[in-house]
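Listed below, chain by chain, are the residues.
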Amino acid sequence: MARIVMKFGGTSVADLDRIRHVAGLVEAEAKAGHEVAVVVSAMSGETNRLVALVDALDGDTDNADTIDDEYDHIVASGEQVTSGLLAIALRRKGLKARSWLGWQIPLMTDFAYSKARISGIKSPAMDESLKSGTIGVVAGFQGITTDNRISTLGRGGSDTSAVAIAVALKADRCDIYTDVDGIYTTDPRIVKNARRLDRISFEEMLELASLGAKVLQTRSVELAMNNDLPIRVLTSMAKDGEPNPGTLVCNEVNDMEERVVSGVAYSRDEAQITLLRLKDKPGMVAKVTRAMSDANVIVDMIVQGISRSDNAANLTFTVGKRDLEKALAALNASKDAIGFEGIKSDDNVSKVSIVGIGMRSHTGVAQTMFEALAERGINVEVIATSEIKISVLIDSEYTELAVRALHAAFELETA
Ligand code: ASP
Ligand code: MG
């Protein structure tokens, strides 16, 4: 007998038929003798609908920029519905089941409403309930602050709920069911022969998730890595009897090293800003990044051009496309305080990245990447690297071409 956490995303609980189907998957694990806790998202589209309601009221005033704790109270409600519906569906199958809201567990968080971080989970009641053979159906995404206010864990946060609950309950397994059958070498919509990976390391998954592969919330991968809890990503849509091995996200094992590159990721959510003739002296880049963090804008890739004899250099960096206007407004407002002569910006750019822990031990990876791009005449505007990743910023028109070129160059279809 094992203790299992199963998580189902929005498309897996999108309507009553899907919820019935999920109840069948949960039933199979319970009937196999396991203790089961299930974590559910809201029905797909529901959180967007709720966020839009809040946004519409925010539109009534010009100064609704701060996040209101009522936002969390509202958007958390989608998960209340699906957890209750799944508990009923399980009861109708003759199983013992009950729903749990974040505060009933309780899943405690900090006060960062709309993107709260989990501070602790103590769940003696849920532990008892599972031991007594009752399936626990948890509303993902939600928690509670020490002020007794509902909080939420950021978009996609029910993945993080699932991992945190699996850690707290000392589960043997955490299975994340979604609408794809695993983690792929790249987006199969772009590369038809993209391949499902049997395994991927936490570190690679972390890079892929933060680069925009939306299958898992980045924080859920961090949490799993810190607690050495393997996550299996698999589809909830498999037909009866069909094999559904999914992808295991786990600590690196030897055979992963043989693969130089594991995946190609891309993001179109990029914008590029260049500050022209920024003074070249200590502290200038810090002033720019301070202006951005004060405006709540995350800066990603940064390059500074070579200083010319008159001690001024151009500084180029990237921000999320949605933050571009905010970033430009903040920079223009502090133009004199920072000290630069002009701004150029471009939101017609994409970031394409290759990720693989094998890069640590193989040479020539960068060369293969840049040759593949050069052969297609793709110009690279900004480059960023980490130990296991190389990212380039390119004209978005070439996104698909670059992804295909890199997938082929690293032989990911056959590896
Ligand atoms: N329902 C929330 C969202 O759409 C949380 C989740 O699905 O993970 O972001
Ligand atoms: Mg999700």
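Residues numbered from 1 in each chain as written. Chains lettered and ligands numbered in written order. Predicted model: local features only at pLDDT ≥ 70, side-chain atom pairs only at ≥ 80, totals over all residues. Heavy atoms only, no water.

Notes on the pairing of strand 12 (residues 247-250)
Taken together, the three bridges between strand 10 (residues 199-201) and strand 12 define a ladder with parallel strand orientation. Bridge assignment links Arg199 to a residue of strand 12, and that residue is Leu248. (Pairing = 2+ DSSP bridges. Helix = DSSP H or I, 4+ residues; strand = E, 2+ residues; numbered from the N terminus.)

Comments concerning the sheet that holds strand 16 (residues 342-355)
Strand order in this open sheet of six strands is 14-15-13-16-18-17, and the pairing throughout is antiparallel. Unpaired on one side and paired on the other, strand 14 (299-304) and strand 17 (382-386) mark the two borders of the sheet. Put simply, the sheet's adjacent strands are angled 30° from each other on average, direction ignored. For strand 17 and strand 18 (residues 389-395), the ladder comprises five bridges, and the chain directions are antiparallel. Note on strand 18: the bridge partner recorded for Ser386 is Lys389. The strands that helix 13 (residues 365-375) touches are strand 16, strand 17 and strand 18; relative to strand 18, the one it contacts most, it runs at about 15°. Across the sheet, helix 14 (residues 399-409) touches strand 13 (263-279), strand 16 and strand 18, and the angle it forms with strand 13 is around 120°. (Axes fitted to C-alpha atoms, helices over the stretch in contact; angles between N-to-C directions. Contact = heavy atoms within 4.5 Å.)

Looking at the sheet that holds strand 1 (residues 3-8)
A sheet is described by the order of its strands in space; here eight strands give the open sequence 3-6-2-1-9-11-12-10, paired in mixed fashion. Sheet topology places strand 3 (97-100) and strand 10 at the edges, where each strand pairs with a single neighbour. The average angle at which neighbouring strand axes cross in this sheet is 20°, direction not considered. Pairing geometry for strand 9 (residues 173-178) and strand 11 (residues 231-235), over five bridges, is parallel. Pairing of Thr178 across the sheet is with Thr235, part of strand 11.

Describing the pattern of salt bridges
Taken as a whole, this structure holds 27 salt bridges when the rule is applied. Note that Arg322 is salt-bridged to Asp269, the shortest N-O span being 3.0 Å. Of this pair, Arg322 sits in the loop between strand 15 (312-320) and helix 11 (324-333) while Asp269 sits in strand 13; the two residues are 53 residues apart in sequence, bridging distant segments of the chain. Taking the relative accessible area as the measure of exposure, Arg322 reaches 71% and is therefore exposed. Each of the salt bridges in this network shares a partner with another, and the network as a whole consists of Arg3, Glu35, Asp127 and Lys131. (Salt bridge = Lys/Arg side-chain N within 4 Å of Asp/Glu carboxyl O. Buried < 20%, exposed > 50% of the residue type's maximum accessible area, 1.4 Å probe, protein only.)

Brief notes about the state of the cysteines
As used here, a disulfide is simply a covalent bond connecting the sulfur atoms of two cysteines. All chains considered together, the criterion is met by zero disulfides. Just so you know, Cys174 is unpaired, no disulfide at all, and the nearest cysteine sulfur is the one on Cys250, 13 Å from it. Using a relative accessible area of 1% as the deciding quantity, one classes Cys174 as buried. For Cys250, a relative accessible area of 6% translates into the label buried. (Disulfide = S-S within 2.5 Å.)

Looking at the site of ligand 1
Every residue close to ligand 1 is listed here: Ser41, Ala42, Thr47, Glu79, Phe141, Arg155, Gly156, Gly157 and Ser158. Between an oxygen atom of ligand 1 and a side-chain N or O atom of Ser158, the distance comes to 2.4 Å. Contact with the protein chains removes 86% of the 260 Å² of surface that ligand 1 exposes when unbound. Its residues assigned to classes, the shell around ligand 1 comprises two nonpolar, five polar and two charged. (Near = heavy atom within 4 Å. Polar contact = N/O pair within 3.5 Å; in protein donor to acceptor, adjacent residues only side chain to side chain. Areas by Shrake-Rupley, 256 points an atom, 1.4 Å probe, with all protein chains shown as cover. Nonpolar A, V, L, I, M, F, W, Y, C, P; charged D, E, K, R; others polar.)

Quick notes on helix 13
Taken as a whole, helix 13 has its buried residues at Val365, Met369, Ala372 and Leu373. Buried residues of helix 13, seen end-on, are gathered within an arc of 95° and therefore sit on one face of the element. The exposed set on the far side of helix 13, more than 90 degrees from its buried face, consists of Ala374 and Glu375. Contacts made by the buried residues of helix 13 are with strand 16, strand 18 and helix 14. (Arc of directions from axis to C-beta.)

What to know about the pairing of strand 9
Burial analysis of strand 9 places five of its six residues in the buried class, the great majority of the element. Bridge analysis of strand 1 against strand 9 gives five bridges, and the strand direction is parallel. Across the sheet, residue Phe8 finds its bridge partner in strand 9, namely Tyr177.

Points about the environment of Thr146
Relative to the assigned elements, Thr146 resides in the loop between strand 7 (142-144) and strand 8 (150-152). Among the residues examined, Thr146 registers a relative accessible area of 62% and is labelled exposed. In this structure Thr146 touches Met108 and Phe111, once residues within four positions along its chain are discounted.

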